[in-house]
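# Structural description and commentary
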Amino acid sequence: MVIKENYLLQSHNTFHIPARTRWFVEYDNVDELCRIISDEYFQECSSLHIGEGSNLLFINDFNGIILHSLIKGIDIAEDLQDDVIVRIGAGERWDDVVAWAVDAGYGGIENLSLIPGEAGAAAVQNIGAYGAEIKDVIFSVEAYNRLTGELQLFSQPDCCYGYRHSKFKNENDPYIVTYINIRLTKKPVFKLDYGNIISEMNGITPSLSSVRDAVIRIRQSKLPDPATLGNAGSFFINPVVDKSVYENLKSSYPDMPSYPIADDAANKIKIPAAWLIERCGFKGKQEGNAGVYDRQALIIVNHGGATGEEIAAFADKIIAAVNTRFGITIKPEVRSVASNTF
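Residues numbered from 1 in each chain as written. Predicted model: local features only at pLDDT ≥ 70, side-chain atom pairs only at ≥ 80, totals over all residues. Heavy atoms only, no water.

## Side note on helix α3 (residues 94-104)
Where α3 is concerned, the buried positions are W94, D95, V97, V98, A101 and V102. Down the axis of α3, the buried set is contained in an arc of 155°. They therefore lie on one face. In this structure, the buried residues of α3 make contact with β6 (74-79), β7 (83-89), α4 (119-125), β12 (175-185) and α6 (208-222). Just downstream of α3 lies G105, where phi reads positive at about 85°. (Buried < 20%, exposed > 50% of the residue type's maximum accessible area, 1.4 Å probe, protein only. Helix = DSSP H or I, 4+ residues; strand = E, 2+ residues; numbered from the N terminus. Arc of directions from axis to C-beta. Contact = heavy atoms within 4.5 Å.)

## Some points on the pairing of β7
The buried fraction of β7 is high, at six of seven residues. Two elements, β6 and β7, share five bridges in a ladder whose sense is antiparallel. Paired with E78 across the strands is I85, a residue of β7. With antiparallel pairing between neighbouring strands as the criterion, β6 and β7 make up a hairpin whose turn holds three residues. (Pairing = 2+ DSSP bridges.)

## A look at the sheet that holds strand β18 (residues 286-287)
Spatial ordering of the open sheet is given by β13-β20-β19-β18, a layout of four strands whose pairing is antiparallel. Each of the sheet's edge strands pairs with one partner strand only, and the pair in question is β13 (230-231) and β18. The pairing of strand β19 (residues 290-292) with strand β20 (residues 300-302) spans three bridges and is classified as antiparallel. When the sheet's bridge partners are listed, V292 is paired in β20 with I300. Its contacts with the sheet place helix α9 (residues 308-326) against β18, β19 and β20, and it is angled at close to 40° to β19. (Axes fitted to C-alpha atoms, helices over the stretch in contact; angles between N-to-C directions.)

## Here's the deal with unusual backbone geometry
Of note in this structure, H16 is not a glycine but carries a positive phi near 60°. Secondary-structure assignment places H16 in the loop between β1 (2-8) and β2 (20-27). Non-glycine residue R164 carries a positive phi angle of around 55°. Mapped onto the elements of the fold, R164 is located in the loop between β11 (151-155) and β12.

Given below as structure tokens:
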């Protein structure tokens, strides 16, 4: 267990905001987590559990306790005829999990290559890319209930997965994910009909490694490396609207792209937030130290020295512009964390 006071969080958020927390606590196993949560002082403090910080925007210093998991491990829990169940510690880097699966010859998550963050947070966020979501492979999720002190096992249906959502994402949810169990296949079926994968794979024989390499090339060409340009990936969720709303907009904007929603394709349409933002003139725009990435309008970047307040204000300006022009309210995928300073 590691406990640090007045700790700088700059290396624990990919926006590189120099916020501080009164206490920073890392734990190596579930027993240590139980001891931390049951501590009387902990119970009196505000607390926040984070992963790699790739989906967070610290508005200011955090007057409380930041928790971070160092629970590791990638192990085959069950070896079936055509599939394997893999148990993964919440503190494992997600892309390391994908690399492990590809090297082992197990399919199902290769399209989720190079997504930043840790395994536990991936299950909380229901990460997705290029036609795949982690919910597609989730078998179960192990979590600690900070209110009751119980360890609980949630089946995939119990997790209430939706687009970039799960039961664990609710702000008042008491659960801390400790392990995830995913079901991978020994007989991969490749998803190549989404986005740029079709063109990127042109002439290349599909395999786990070639699909992973293609996804990595696409992401590196479109997305900034957080190590060199602070960002949290896609800042906004693609809005889902009624089909009638989309059809009205389509009459005014014939080039407006869209994607059907698999579970309600007849009535709902997903519109790319990047297209809406770009049409409002924000792609590549910079105000102060905050801006929109010039290759992908979904990404707000820290050009260096931006504060959390500055980035949040810039995001609000984008939201207002999209709403004014299209009548659609886009919502942040990134979670803003505000606290009384200390």
